[in-house]
Amino acid sequence: MYQGWVDAGYFTADATSDKPPFCIVIPPPNVTGSLHIGHAFEHTLIDVLVRRRRMQGYETLYLPGMDHASIAVHALVEKALAEEGTSRRELGRDAFIERTWEWKAEHGGAILAQMRRLGESCDWSRERFTMDARSNRAVLTIFKRLYDEGLIYRAERMVNWSPEMRSVLSDVEVDHVEVAGELVSIRYGDGDDAMVVATTRVETMLGDTAVAVHPDDERYAHLVGREIELPLVGRMIRVVADEHVDPAFGTGAVKVTPAHDPNDFEIGRRHDLPMPSIMDESGRIAGTGTEFDGMDRFTARVKVREALAAQGRIVAEKRPYLHSVGHSSRGSKEPIEPRLSLQWFVKVGPLAQVAGDAVRNGSVTVHPPEMESRWFAWVDNMHDWCISRQLWWGHRIPVWYGPDGEIVCVGPDEEPPAGYTQDPDVLDTWFSSGLWPFSTLGWPDKTPDLEKFYPTSVLVTGYDILFFWVARMMMMGHYAMDGERPFDTIALHGMVRDAHGRKMSKSAGNTVDPLAWMDAYGTDAVRFALARGANPGTDMPIGDDAVLAARSFGTKLWNATRLALANHASPALPLPTSPTDADAWILGRLGQVREQVDALLEDYQFAKATEALYHFTWDEFCAWYLELAKPQLADEATADGTRAVLGHVLDALLRLLHPVMPFITEALWQPLTGSESIVVAPWPVDAGRPVDDGAAARIVALQKLATEVRRFRTEQRVPDARRVAARLVGLDEAGLGAHRAAVASLVRLDAPGDDFAATATVEVALGSATVHVELDTSGAIDVAAERARLGRDLAAAQKELDAADKKLGNPKFVDNAPAAVVDGIRARRATAVADIERVTARLAALPSS
C-alpha cells in the first residue's frame, strides 16, 4: 500500500504549484541509527500534521534525510578497524574517509526503510544527507561568510575534551552523572602562610597557577598579592582575590587551574594568570617536569595524592564524596576532561540576539508557550560556540595556512594558494544540521524549492534539544536568509518514558522497540498509541497496554465499517431530509467532534484530538449509533436514510483518523467510497449537521434508560443473549414514544404476551417523567442483588436531598442567589423526595429472601 502511494506521487511536492505551502524538514536522524521509540513518536506527530495539511489542500513537503553523525560514525568505523588490527592513524586520512563512505553505503540508512514502514509521507525524491555535495556547498558558503564578517574566530578556550576520541565534544554529547569520588584537602605553604584547598581531581594541582580567596575574607587578607610555593612542583604561585570565591564554602580558599577547569579559566583571565596545560590529547600528564609525566590521569590522581601524603600535606580525605562529573555519551562513556585548547568558535552574540528577538516579537511561536522562558534563558546567555572537532569524518574546516603563517578561508568556488595546508579539523555536526531548514531546499542557490517552502512551517522536536539544535537553526537561518526565520512554529514534545514514567535506558532494561510493536500490534496501533499520549512539552509514559488498546480500537473501527458495508452504507447516498433522532444526533455529534479535532490539531494537542476521535468512535458511534441503526435498517421507511448516514459518518470519521492511522483508513475508505485514495481525499470541513437539541436530548434520555436496564440485567445475572419479556410504561410522557423498538433492541426486550407477569421493575427518572420497565425474568431475579441496587439508588437520592436541604436551609443562599437557581434546587429536592418514596416502596415490596 505504501509503495503504491509513493509510486502515485502523492508525497511528491510541486514547487510550481499555486497551493499554499506547508513544509516540515525532518529532524535528521543519525545515519548510524535504527528507528527507536523517540523517532517513532516524533515522526508520527510530524506525519499527522503533514497528512492533514495535504488533505486540506496545501502543497506539502515532508523532506527526509540523515545526519552524518561525525562522532558516532567515527566510533563505529574505528571499532571495525580495531577488530582488523589497525587504526585510522595507520590507515591515513584519505583511506579512512573512503572506508567511512563504504561503511555508510553498506550499513547506513536502515532507518529510512523503517520510516517507510511507519507510514511517513516523505518526499523521497528530495532525500538529503548532511554530507552530500549540496550540503557541503552550503557549509562552505556560510563558513566563509561568517569568517569574513569576523563571526568565526580561532582562540584558546575551555572545552569538553574526550581523551578516548582525542576531540572536543559538544555539551549535548556530555552526560552529567553523580559519582562517588573523594574530596582531598591539601595544605599549600607553611606556618602563617599556609592555605588549605580541596579538590576531587588531585592531579590537576600540578597545573595550579594561583590560590583564590574572596576580597572581603579577612583570614587571608595578609596573603593577597603574595606568592606561596606549589607542592611537588616547587613553582611559586600567586594568591589572588576574586569575587567568584564563596568564603563560606570549605576553607574559603580555592586552587586555580586555569587550563583544566571552566571557572578557574575565567579567574585566570581576570587576573592574567599563566595557563599551562598539564595533559596531552590522550589524557596523560605532560610538560610538568615531574615524575608524573607520562602517567594516565587516573593513575596520576593516586600517585600525586600519595606523594602529597608523604610530605604531610594531606589535611583531610572525604570518601565517598558524591559530585557530578561529565561523561562522554559516546564510546566507553569516559569522564570528559575540561581542557584549554586552540579551537574554532562562532561569535554567537549578535546571532543569538536575533534568535531571541524572533520569539519575543512573535515572528516565531514556541509551543507550548510556557517553554519560552527556557528559550530566553538559553539564547540570552549563550557562550561562543566551539565548532571544531579533531576528527576526520565531517565537513573539513575550509581554512588554509601558508608557509609563513598566512591564513586564508576558501569558499566553495575558490582554490587555495599553492603550498598552503588545510586545517585538519572538521566542523561540529550541529554546524551543518543548523543549516538544515534552508540547505535542504537548495541554498545558497535561489531554487524554486527555497522560494516556495522557506520559511518552513513547523519544527517538531523534543524540548531536550531546544538549545542545541533549535538555537543553531534559528541563528543560522536568520543570518543566511537575511533575517527570515527558519520556521513559523517550534512545536515541542516531551520524552517517551516507560509505563511507570521512568526514563528508558538499556541499563534499566525498560526500552521498547517500535519495530517489534509494529510486528505484534500493527503500525496503525503504534502510531495511534503514540499520538494519544502526546501532550505538548510533557513526557509520555507508554507500555504494551497502550498499544494493545490502540489495536483493539482499530479492530472496532474495522468491524464497524464492515458492518456498514454489509448493509450497503454509502456516502454517495443523499442524507435524509427528515432524519430519525439517532441520525440527527450522530450527525450533530460528528460536526462537533470535527470542529473539536480541528481546533486541537491547530494547537498541536495531539493527545486530546486523538482521544476525542477515540471516544466518538467507540463510545458514541459504535456503542450507540450502530445499535440504534440496526432496527432502522430493518425498517423500509428508515433504511435508506440510515445507510446514507452510516456512509456519511464513516467517510468523515475515516478521513479524520487518516493522519493518525493511515493504513487501516485507506483499506476501509476505498471500498466505502469507491474513490482513489484517502491520502489525497479532502479534509472533512462540512461533515455532519448542526446539532438538533431535541433529538440530542431524547438520545441522551434513551441512553440513560438503556444503561439502567443493562445495569439491572448485569446485577441480576441475566445472560446478555437472553431476551426478556417487558412492558414499557411512561415512554410517551418521557418523549420516547417513537423509540420503543430502539429500546427493545438495545436491551434485548420482547413484547409482553397474554400471560405476562412482571417480576421486577426498573424505574428511570427522565426529566419530569419516570419510565417503568416491568420485566418478567421468570424467577431469575436475584433478590439480594436487587436489594443492593435499590439501596444504592436510595443512598444517592438521600445524598441529593441532604445537599438540597443544606443549601435551602442557608438564608444567605436563599436571599442572595438568583431566583432561577433557588427554584432549581427546590425542584431537585422534590425529585429526590419522590425518588426516596419510590425506592423505599420497591424495597418494601421485595420478598424477604
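Q: What should I look at first to understand the overall build of the protein in this one?
A: Looking only at helices and strands, the protein has 27 helices and 29 strands in total. What you see for the protein is a C-alpha radius of gyration of 37 Å, clearly larger than the 29 Å of a compact globule of 849 residues, by over 25%. Taking the principal axes of the C-alpha coordinates as reference, the protein spans close to 115 × 65 × 55 Å. Residues counted as buried form 53% of the 849 residues belonging to the protein. Only carbon and sulfur atoms are counted for the fraction: they give 50% of the accessible area of the protein, which is about 36,200 Å². One way to put it: in the protein the 90 positive side-chain charges average out to a point 4 Å from where the 121 negative ones average out.

Q: Could you clarify how one ought to interpret the pattern of salt bridges in this entry?
A: As a working rule, side chains carrying opposite charge can pair if their charged atoms are close by. Enumeration according to the criterion identifies 55 salt bridges in this entry. One salt bridge in this structure joins Glu 602 and Arg 52, with 2.9 Å as the shortest N-O distance. In this pair, Glu 602 sits in helix α19 (residues 581–602) while Arg 52 sits in helix α2 (residues 37–55), placing the two residues 550 residues apart along the sequence. Of the residues examined, Glu 602 reaches a relative accessible area of 38% and is grouped as partly exposed. Owing to a relative accessible area of 4%, Arg 52 belongs among the buried residues under this scheme. Two residues, Arg 270 and Asp 242, come together in a salt bridge whose shortest N-O distance is 3.0 Å. Of the two residues, Arg 270 sits in helix α8 (residues 262–271) while Asp 242 sits in the loop between β11 (236–241) and β12 (253–256), which places them 28 residues apart along the sequence. Under the relative-accessibility criterion, Arg 270 is labelled partly exposed at 48%. When salt bridges that share partners are traced, they join Arg 52, Arg 53, Arg 594, Asp 598 and Glu 602 into one network.

Q: Honestly, the packing of α2 against α19 in this entry has me stumped. Any pointers?
A: How two helices pack is summed up by the angle between their axes together with the distance between the axes. Across the interface, α2 lies against α19 with an axial gap of 11 Å and an inter-helix angle of 125°. As the angle between them shows, α2 and α19 are arranged oblique. Handedness of the crossing formed by α2 with α19: left-handed. Between α2 and α19, the residues in contact are Val 48, Leu 49, Arg 52 and Arg 53 and Asp 598, Leu 601 and Glu 602, respectively. In the contact of α2 with α19, the residues fall into three nonpolar, no polar and four charged.

Q: Please explain the packing of aromatic side chains as it appears in this structure.
A: The description of two aromatic rings rests on the distance between their centres and on the angle between their planes. Tallied over the entire structure, the rule returns 21 aromatic pairs. Ring centres of Trp 5 and Phe 11 lie 6.3 Å apart, and the angle between their planes is 65°; this geometry places the pair in the edge-to-face category. The residues Trp 5 and Phe 11 share a single accessibility class, namely buried. Here the aromatic rings of Phe 143 and Tyr 147 are separated by 6.5 Å at their centres, their planes lie at 10°, and the arrangement is stacked. Of this pair, Phe 143 and Tyr 147 both sit in helix α7 (residues 133–148), separated by four residues, roughly a single helical turn. Since its relative accessible area comes to 23%, Tyr 147 is described here as partly exposed. These aromatic residues form a ring-pair network of at least three members: Phe 143, Tyr 147, Trp 344, Trp 385 and Phe 431. Above the ring of Tyr 58, the side-chain terminus of Arg 53 is found at 5.0 Å from the ring centroid.

Q: Would you take a moment to explain a negative patch on the surface for this structure?
A: On the surface, Asp 94, Glu 98, Glu 102 and Glu 106 cluster together into a patch of negative charge. Relative to the helices and strands, Glu 102 resides in helix α5 (residues 93–107). Residue class for Glu 102 comes out partly exposed when judged on its relative accessible area of 44%.

Q: Teacher, can you tell me more about the side chain of Ser 17 here?
A: Along the chain, Ser 17 falls in the loop between α1 (2–7) and β1 (21–25). By relative accessible area, which is 15% here, Ser 17 ends up buried. Of the polar contacts made by the side chain of Ser 17, one reaches the side chain of Glu 59; its length is 3.1 Å. Setting aside residues up to four positions removed in sequence, Ser 17 forms contacts with Glu 59 and Lys 452.

Q: Quick question: what am I supposed to make of the sheet that holds strand β27 (residues 749–750) here?
A: Paired through their backbone hydrogen bonds, the strands of a sheet run either parallel or antiparallel. With respect to topology, four strands assemble into an open sheet ordered β27-β26-β29-β28, the strand pairing being mixed. Looking at the sheet topology across the chains shown, the edges are occupied by β27 and β28 (760–766). As judged from the seven bridges shared by β28 and strand β29 (residues 769–776), these two strands associate in the antiparallel manner. Paired with Val 762 across the strands is Val 773, a residue of β29.

Q: Help me understand helix α21 (residues 636–657), please; the structure alone is not making it clear to me.
A: Since the α-helix turns once every 3.6 residues, residues separated by three or four places project in the same direction. For α21, with 22 residues, the first-to-last C-alpha span of 32 Å sits near the 32 Å given by 1.5 Å per residue. α21 sits mainly inside the fold: 19 of its 22 residues count as buried. Here α21 starts with a cap whose side-chain oxygen sits 3.0 Å from the backbone nitrogen of Ala 637, and that cap is Asp 635.

Q: Could you clarify how one ought to interpret the pairing of strand β8 (residues 195–199) in this entry?
A: On a regular strand, one side chain projects to one face of the sheet and the next to the other, so that they alternate. Side chains Met 195, Val 197 and Thr 199 project from β8 onto a buried face, and the interleaved Val 196 and Ala 198 project onto a face without burial. Across five bridges, strand β7 (residues 174–188) lies against β8 in antiparallel orientation. Residue pairing across strands places Val 184 opposite Thr 199, the latter belonging to β8.

Q: In this structure, what is going on with the nonpolar core? I would like to understand it.
A: A general trend in soluble globular proteins is that nonpolar side chains are found buried together. The biggest cluster of nonpolar side chains holds 200 residues, and the ones touching the most others in it are Phe 431 and Phe 621. The element best represented in this core is helix α20 (residues 606–633), accounting for 14 residues. Judged by nonpolar contacts, the second largest core, of 27 residues, contains Ile 186, Tyr 220, Ala 253 and Ile 314.

Q: Please explain the sheet that holds strand β9 (residues 210–213) as it appears in this structure.
A: Here we have four strands laid out as an open sheet, ordered β10-β11-β9-β12, and mixed in their pairing. Each edge of the sheet is formed by a strand with only one pairing partner; in this case those strands are β10 (227–229) and β12. Looking at each pair of strands side by side, their axes are set apart by 30° on average, direction ignored. In the sheet, β9 pairs with β11 via four bridges, with the strands oriented parallel. What sits directly across from Val 211, in β11, is Val 239. Against the sheet, α8 contacts β9, β11 and β12, and its axis sits at roughly 90° relative to β11.

Q: Please clarify how α19 should be interpreted in this entry.
A: Counted at 1.5 Å a residue, the expected span for α19 with its 22 residues is 32 Å, and the 32 Å between its end C-alpha atoms agrees. With 16 of its 22 residues buried, α19 lies for the most part within the structure. Backbone geometry just after α19 places Tyr 604 at a positive phi near 60°.

Q: Would you mind going over the packing of helix α17 (residues 523–532) against helix α22 (residues 662–673) with me for this structure?
A: Orientation of α17 relative to α22, taken along the N-to-C sense of each, is 120°, at an axis distance of 7 Å. Classified by the angle their axes make, α17 and α22 are oblique. Judged by residue contacts, Thr 523, Asp 524 and Arg 527 of α17 engage Pro 662, Phe 663 and Ile 664 from α22. When its residues are assigned to classes, the contact of α17 with α22 shows three nonpolar, one polar and two charged.

Q: Which parts of the structure should I look at to understand empty space enclosed by the protein?
A: The rolling of a water-molecule-sized probe over the atoms marks out the regions of remaining empty space. Scanning the model with the defined rule gives three cavities of 30 Å³ or more in all. Empty space within the largest cavity amounts to approximately 70 Å³. The wall of the largest cavity is formed by Leu 45, His 367, Val 460, Ala 491, Leu 492, His 493, Ala 534, Asn 535, Pro 536, Tyr 604 and Phe 606. The element contributing the most residues to the lining of the largest cavity is strand β23 (residues 487–493), with three residues. Each residue belonging to the lining of the largest cavity can be placed in one class, and the counts come to eight nonpolar, three polar and no charged.

The rules behind these values
Residues numbered from 1 in each chain as written. Predicted model: local features only at pLDDT ≥ 70, side-chain atom pairs only at ≥ 80, totals over all residues. Heavy atoms only, no water. Helix = DSSP H or I, 4+ residues; strand = E, 2+ residues; numbered from the N terminus. Rg over C-alpha atoms; globule rule 2.2 N^0.38 Å. Buried < 20%, exposed > 50% of the residue type's maximum accessible area, 1.4 Å probe, protein only. Areas by Shrake-Rupley, 256 points an atom, 1.4 Å probe, with all protein chains shown as cover. Lys, Arg positive; Asp, Glu negative; His and termini not counted. Charge placed at Lys NZ, Arg CZ, Asp CG, Glu CD. Salt bridge = Lys/Arg side-chain N within 4 Å of Asp/Glu carboxyl O. Axes fitted to C-alpha atoms, helices over the stretch in contact; angles between N-to-C directions. Parallel < 35°, antiparallel > 145°, perpendicular 65-115°, else oblique. Left-handed = near helix turned anticlockwise from the far one by under 90°. Contact = heavy atoms within 4.5 Å. Nonpolar A, V, L, I, M, F, W, Y, C, P; charged D, E, K, R; others polar. Phe/Tyr/Trp six-rings, centres within 6.5 Å; stacked < 30°, edge-to-face > 60°. Lys NZ or Arg CZ within 6 Å of the ring centre and 35° of its normal. Patch = residues over 30% accessible without salt bridge, like charges linked within 9 Å, V, L, I, M, F, W, Y side chains within 5 Å. Polar contact = N/O pair within 3.5 Å; in protein donor to acceptor, adjacent residues only side chain to side chain. Pairing = 2+ DSSP bridges. Expected span 1.5 Å × (residues − 1). Core = buried A, V, L, I, M, F, W, Y, C linked by side-chain atoms within 4.5 Å. 1 Å grid on protein atoms, 1.4 Å probe; cavity = no way out; pocket = protein on both sides within 12 Å on 5 of 7 lines; lining within 4 Å. Points joined across faces, edges and corners; volume = space filled by probe spheres on them.

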